[in-house]
Amino acid sequence: QKQGFDWFMRKEIFEQPKAVADTLLGRLNDKGELTLDELRMSPELLRRVNKIVVVACGTAFYAGLVAKYAIEHWTRIPCEVELASEFRYRDPIIDPMTLVVTISQSGETADTLMAIRHAREQHAKVIAICNTNGATIPRESDAVIYTHAGPEIGVASTKGFTTQLVACYLLGLYLAQVRGMKYGDEIAALLSELERMPEAIQRMLDAKASVYDLAADLVDANSVLFLGRHVGYPSALEGALKLKELAYIHAEGFAAGELKHGPIALISENLPVFVVVPPKGRDQLRDKVISNIAEVRARGARTIVLAEADDEEAGAVAETLIELPKVSTLLQPLVAIIPLQLFACELATVKGHDVDQPRNLAKSVTVE
Ligand code: M6R
């Protein structure tokens, strides 16, 4: 049931505070330690892992890109992220010391499933991050971390994505904990920040009206760019994917640092460019992104900037400012993606498209 919403997708966007809270539920014991009991993988085995390969498709792949930043930072284990459709065709270097992490909302994506089979043939251990109990992917994996998003009906993944991010953060922190990389206090601080994320997401949802106005304003755009750096880069890719799937317009996400290596040639008068600005405190990164915004604005682009409310420098170069709450850099995708989801959903609605069943797309891609 759509419960009063026009689309399942919109309902699912608004369910994210609960979906994120449910995915975090019961992961902390009374000693403030992270527990992932359902993982059923021994700490000894997790201590021996010397490489992590994250394999997924589409939106789940972008969650994997965020996971790389978090996992490498917290655990110092080298982490690669690969599209499942490429993985098994390139003779990947994996062995029994490799931990393969697959991410799939449906648990039935053919490419991801084939990647699991290939990894297990090489005797790698496989952890599935999945939203669907008993689906083929978790059944064929060594262990599973379930996201608790509830059923996702809209073809475009929304709460699937944010709960995948949460599961990736939990896995990264758990690995750090069992490998002794970060101790009690640090893990507890990050977990308590994660526990405040449903509220931060709710704040983004409460600001929906300005995003909807923006969508009405940009209804005639035929191309939209998204820029970000660090974890803002996968956020940009995911924002662009949502727009392609739903609004059927050209949309591309770029790493902001690549702008001068080609994409700046695309900038033209009035081209909408969304830019995700890293939080204050990450000033090296932030300054560079802010100067990228100035560069595209100087060329006449319409800059829509996602930045912390008190980021005056970002505000000064923004034509439209979407305020983000203060969160740690690594957790920023959980809030930055919300207005991008709302924007795509609304733009497609204004264009008269079927938001829940975009043309040519299936919810679960069970053929290669
Ligand atoms: O069910 P999965 O997470 O394995 O699906 C992967 C992709 O097919 C999926 O994320 C797709 O990209 C969505 N339509 C994105 O909104």
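Not measured: the values here are computed from a predicted model.

What counts, and at which threshold
Residues numbered from 1 in each chain as written. Predicted model: local features only at pLDDT ≥ 70, side-chain atom pairs only at ≥ 80, totals over all residues. Heavy atoms only, no water. Helix = DSSP H or I, 4+ residues; strand = E, 2+ residues; numbered from the N terminus. Rg over C-alpha atoms; globule rule 2.2 N^0.38 Å. Buried < 20%, exposed > 50% of the residue type's maximum accessible area, 1.4 Å probe, protein only. Contact = heavy atoms within 4.5 Å. Areas by Shrake-Rupley, 256 points an atom, 1.4 Å probe, with all protein chains shown as cover. Lys, Arg positive; Asp, Glu negative; His and termini not counted. Charge placed at Lys NZ, Arg CZ, Asp CG, Glu CD. UniProt positions renumbered as here; feature names shortened; annotations may be inferred. Polar contact = N/O pair within 3.5 Å; in protein donor to acceptor, adjacent residues only side chain to side chain. Axes fitted to C-alpha atoms, helices over the stretch in contact; angles between N-to-C directions. Parallel < 35°, antiparallel > 145°, perpendicular 65-115°, else oblique. Left-handed = near helix turned anticlockwise from the far one by under 90°. Near = heavy atom within 4 Å. 1 Å grid on protein atoms, 1.4 Å probe; cavity = no way out; pocket = protein on both sides within 12 Å on 5 of 7 lines; lining within 4 Å. Sits in = over half its atoms within 2 Å of the grid points. Nonpolar A, V, L, I, M, F, W, Y, C, P; charged D, E, K, R; others polar. Pairing = 2+ DSSP bridges. Salt bridge = Lys/Arg side-chain N within 4 Å of Asp/Glu carboxyl O.

Engineer: Sorry, what's going on with the overall build of the protein chain here?
Structural biologist: Helix and strand counts for the protein chain come out as 14 helices and 10 strands. By the compact-globule yardstick of 21 Å for 368 residues, the protein chain fits well, its C-alpha radius of gyration being 20 Å. Over its C-alpha atoms, taken along the principal directions, the protein chain stretches across nearly 55 × 45 × 40 Å. Per-residue burial for the protein chain yields a buried fraction of 59% across its 368 residues. A fraction of 75% describes how many contacts in the protein chain between residues 6 or more apart in sequence connect residues 24 or more apart. Here the protein chain displays about 14,700 Å² of accessible surface, and carbon together with sulfur accounts for 50% of that area. Computed over 39 positive and 49 negative side-chain charges, the inter-centroid distance for the protein chain is 3 Å.

Engineer: What am I meant to see in the UniProt feature "active site" (unreviewed entry) in the protein chain here?
Structural biologist: The UniProt feature table records "active site" (unreviewed entry) at Lys363. Looking at where Lys363 falls in the secondary structure, it is placed in the segment after helix H14 (333–350). Ignoring any residue separated from it by four or fewer positions in sequence, one finds Lys363 in contact with Gln105, Glu152, Ile153, Gly154, Val155, Ala156 and Ser157. Within the local environment of Lys363, its side chain forms a polar contact with the side chain of Glu152, the two groups lying 2.7 Å apart.

Engineer: Could you clarify how one ought to interpret the packing of helix H4 (residues 58–75) against helix H8 (residues 159–178) in this entry?
Structural biologist: Packed helix pairs are specified by the crossing angle of their axes together with the interaxial distance, meaning the distance between the axes. Two numbers describe how H4 lies on H8: the axes approach to 9 Å, and their chain directions differ by 25 degrees. Our classification of the angle between H4 and H8 gives roughly parallel. Crossing geometry of H4 relative to H8 is assigned as right-handed. Contacts from Thr59, Ala60, Tyr62, Ala63, Val66, Ala67, Ala70, Ile71, Trp74 and Thr75 in H4 reach Phe161, Gln164, Leu165, Cys168, Tyr169, Gly172, Leu173, Leu175 and Ala176 in H8.

Engineer: Could you clarify how one ought to interpret the site of the ligand in this entry?
Structural biologist: Lining the immediate surroundings of the ligand are 14 residues, of which Ser104, Gln105, Ser106, Thr109 and Glu245 lie closest. Thr109 places a side-chain nitrogen or oxygen 2.5 Å from an oxygen atom of the ligand. Surface burial for the ligand is 90%, taken as the share of its 410 Å² of free accessible area covered by protein chains. Structurally, the ligand is housed in the largest pocket. The set of elements that each furnish at least two residues to the shell around the ligand consists of H4 and helix H11 (232–247).

Engineer: In this structure, what is going on with the side chain of Arg286? I would like to understand it.
Structural biologist: Within the secondary structure layout, Arg286 lies in helix H12 (residues 283–298). Accessibility expressed as a relative area gives 3% for Arg286, which makes it buried. Contact partners of Arg286, with chain neighbours within four places excluded, come to Val277, Pro278, Pro279, Lys280, Asp311 and Glu313.

Engineer: Even after reading the chapter, I still don't get the packing of helix H2 (residues 16–24) against H8, so can you show me in this structure?
Structural biologist: Contact pair H2 / H8: the axes reach a minimum separation of 9 Å and the direction vectors enclose 30 degrees. Our classification of the angle between H2 and H8 gives roughly parallel. Every pair of crossing elements has a handedness; the one defined by H2 and H8 is right-handed. Two secondary-structure elements touch here, H2 through Gln16, Ala19, Val20, Thr23 and Leu24 and H8 through Lys159, Thr162, Thr163, Val166, Ala167 and Leu170. Each residue belonging to the contact of H2 with H8 can be placed in one class, and the counts come to six nonpolar, four polar and one charged.

Engineer: Looking at this structure, I do not really get the sheet that holds strand S1 (residues 51–56). What am I missing?
Structural biologist: Strands pair in a sheet through their backbones, by hydrogen bonds, and they do so in one of two ways: parallel or antiparallel. In space, the five strands of this open sheet follow the order S2-S1-S3-S4-S5, with parallel pairing throughout. Whereas interior strands pair on both sides, the edge strands pair on one side only; in this sheet they are strand S2 (79–83) and strand S5 (143–146). Within the sheet, the average angular offset between the axes of one strand and its neighbour, ignoring direction, is 20 degrees. As paired elements, strand S3 (residues 98–104) and strand S4 (residues 125–130) share six bridges and run parallel to each other. If you follow Ile103 over to S4, its bridge partner there is Ile129. On top of the sheet, H4 reaches S1, S2 and S3; it is set at about 175 degrees to S2, its chief contact. Each of S1, S3 and S4 is contacted by helix H6 (residues 110–121), which is oriented at about 165 degrees to S3, the strand it contacts most.

Engineer: Please clarify how the pattern of salt bridges should be interpreted in this entry.
Structural biologist: Between side chains of opposite charge, pairing is possible as soon as their charged atoms come close. Enumeration over the complete set of coordinates arrives at 26 salt bridges. For Arg10, the salt bridge identified is with Glu346, shortest N-O distance 2.9 Å. Of the two residues, Arg10 is situated in helix H1 (residues 8–14) and Glu346 in helix H14; the sequence distance between them amounts to 336 residues. Glu346 shares its class with Arg10; the two are buried. Through salt bridges that share partners, Asp283, Arg286, Asp287, Asp311 and Glu313 make up one connected network.

Engineer: Would you explain the pairing of strand S6 (residues 223–228) in this entry?
Structural biologist: Regular strands place their side chains on alternate faces of the sheet. Most of S6 sits inside the fold, with six of its six residues counted as buried. The alternating pattern of S6 places Ser223, Leu225 and Leu227 on one face and Val224, Phe226 and Gly228 on the opposite face, and all of these are buried. Here S6 runs beside strand S7 (residues 250–255); their pairing, made up of six bridges, is parallel. Across the sheet, the residue bridging to Ser223 is His250, located in S7.

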